[in-house]
Amino acid sequence: GGVPLAEDPAVRRMLEERWKRRGRKAGVGMDKQCQVPGGMTALENPVGSAPGLVGAVKGRHLAMLPGVPPELAGLLPLVVQWFEQAGVLPEARPHLVWRTAQIAELALVQRCQAVREQYPDLRWSWWLTDFGVDIRLSGESVQAEESLAAAGRQLDEELGPLVYTRGGATLTEVVQAQMLSAGKTLSVAESCTAGLLGGALTD
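Residues numbered from 1 in each chain as written. Predicted model: local features only at pLDDT ≥ 70, side-chain atom pairs only at ≥ 80, totals over all residues. Heavy atoms only, no water.

(A) Main features of unusual backbone geometry. The phi torsion at lysine 58 lies on the positive side, around 50 degrees, for a residue other than glycine. Its place among the elements puts lysine 58 in the loop between strand S4 (52-57) and strand S5 (60-64). Even without being glycine, glutamine 102 reaches a positive phi, approximately 65 degrees. Within the element layout of this structure, glutamine 102 appears in the loop between strand S6 (95-101) and helix H4 (105-118). (Helix = DSSP H or I, 4+ residues; strand = E, 2+ residues; numbered from the N terminus.)

(B) How the structure looks around the pairing of strand S8 (residues 132-138). The buried fraction of S8 amounts to six of the seven residues, a majority that puts the element mostly inside the structure. One ladder, built from seven bridges, connects S6 with S8; its direction is antiparallel. Bridge assignment links leucine 96 to a residue of S8, and that residue is leucine 137. Where strand S7 (residues 123-128) lies against S8, six bridges are found, and the strand directions are antiparallel. Each bridged residue has a counterpart across the sheet, and for tryptophan 126 the counterpart in S8 is isoleucine 135. (Buried < 20%, exposed > 50% of the residue type's maximum accessible area, 1.4 Å probe, protein only. Pairing = 2+ DSSP bridges.)

(C) Summary view of helix H6 (residues 171-182). In this model H6 runs 17 Å from its N-terminal to its C-terminal C-alpha over twelve residues, within 8% of the 16 Å that 1.5 Å per residue would give. Following H6 by one or two positions, glycine 183 adopts a phi angle in the positive range, close to 70 degrees. (Expected span 1.5 Å × (residues − 1).)

(D) Broad picture of the nonpolar core. If you look at the biggest cluster of nonpolar residues, it comprises 21 residues, and the most contacted ones within it are Leu108, Leu122, Trp124, Trp126, Ile135, Leu137 and Leu155. Broken down by secondary-structure element, the contributors of at least two residues to this core are H4, S7, S8 and helix H5 (145-159). Those residues in contact with leucine 155 that sit more than four places away from it in its chain are Trp98, Cys112, Val115 and Trp124. Residues Leu15, Cys34, Val36 and Met40 belong to the second largest nonpolar core, which totals ten residues. (Core = buried A, V, L, I, M, F, W, Y, C linked by side-chain atoms within 4.5 Å. Contact = heavy atoms within 4.5 Å.)

(E) Quick look at the pattern of salt bridges. Under the criterion given, the structure shown has eight salt bridges. The residue arginine 12 makes a salt bridge to aspartate 31 at a minimum N-O spacing of 2.6 Å. Here arginine 12 is found in helix H1 (residues 9-21), whereas its partner aspartate 31 is found in helix H2 (residues 30-33), with 19 residues between them in sequence. A relative accessible area of 43% places aspartate 31 in the partly exposed class. In this structure, aspartate 134 engages arginine 99 in a salt bridge whose closest nitrogen and oxygen atoms are separated by 2.9 Å. Here aspartate 134 is found in strand S8, whereas its partner arginine 99 is found in strand S6, with 35 residues between them in sequence. Since its relative accessible area comes to 12%, arginine 99 is described here as buried. Within the structure, one salt-bridge network assembled from shared partners comprises Glu7, Arg12, Glu16 and Asp31. (Salt bridge = Lys/Arg side-chain N within 4 Å of Asp/Glu carboxyl O.)

By themselves these figures say nothing about function.
Rendered as structure tokens:
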């Protein structure tokens, strides 16, 4: 980015206090964690030691975050809040989400192809989850909501029982809700899954 690195005294104090609470001396790598690029602000990490960094470099707003999943998850709300306060987040697009199971990603993309061709103005995204593949369909603006609704109805017909929910619930949450509403209980006997199914339901 062509910007200087400078030590942030607040980050040093924060890290030293963290090590002190643990009854240990600061590690050798702490000096590097205190360095903040010009134009960026350090955010205290609620889970780990490495701070998150947000700011603007060469006219681009960016965030630099640790890759450890719990640390990333802990810092992300702070990053979004910072971007909101800075007024640099785009307006939310209208969107729909389908969560599917028991179909491969490529096969799912192919099942969506006919609907995609009818609505070239909409944006499509697919990503793998623990239980299957999610689809996200979004429009560029509020004006796209009519196309979004029409495409959604066609996609519902095309995918049918492959979709276990429209929204953010996990497959285990959907199964649990259906079992509770039916007044049923569930037992599992696992071998290759090594207890993961029972663990997911317990969680």
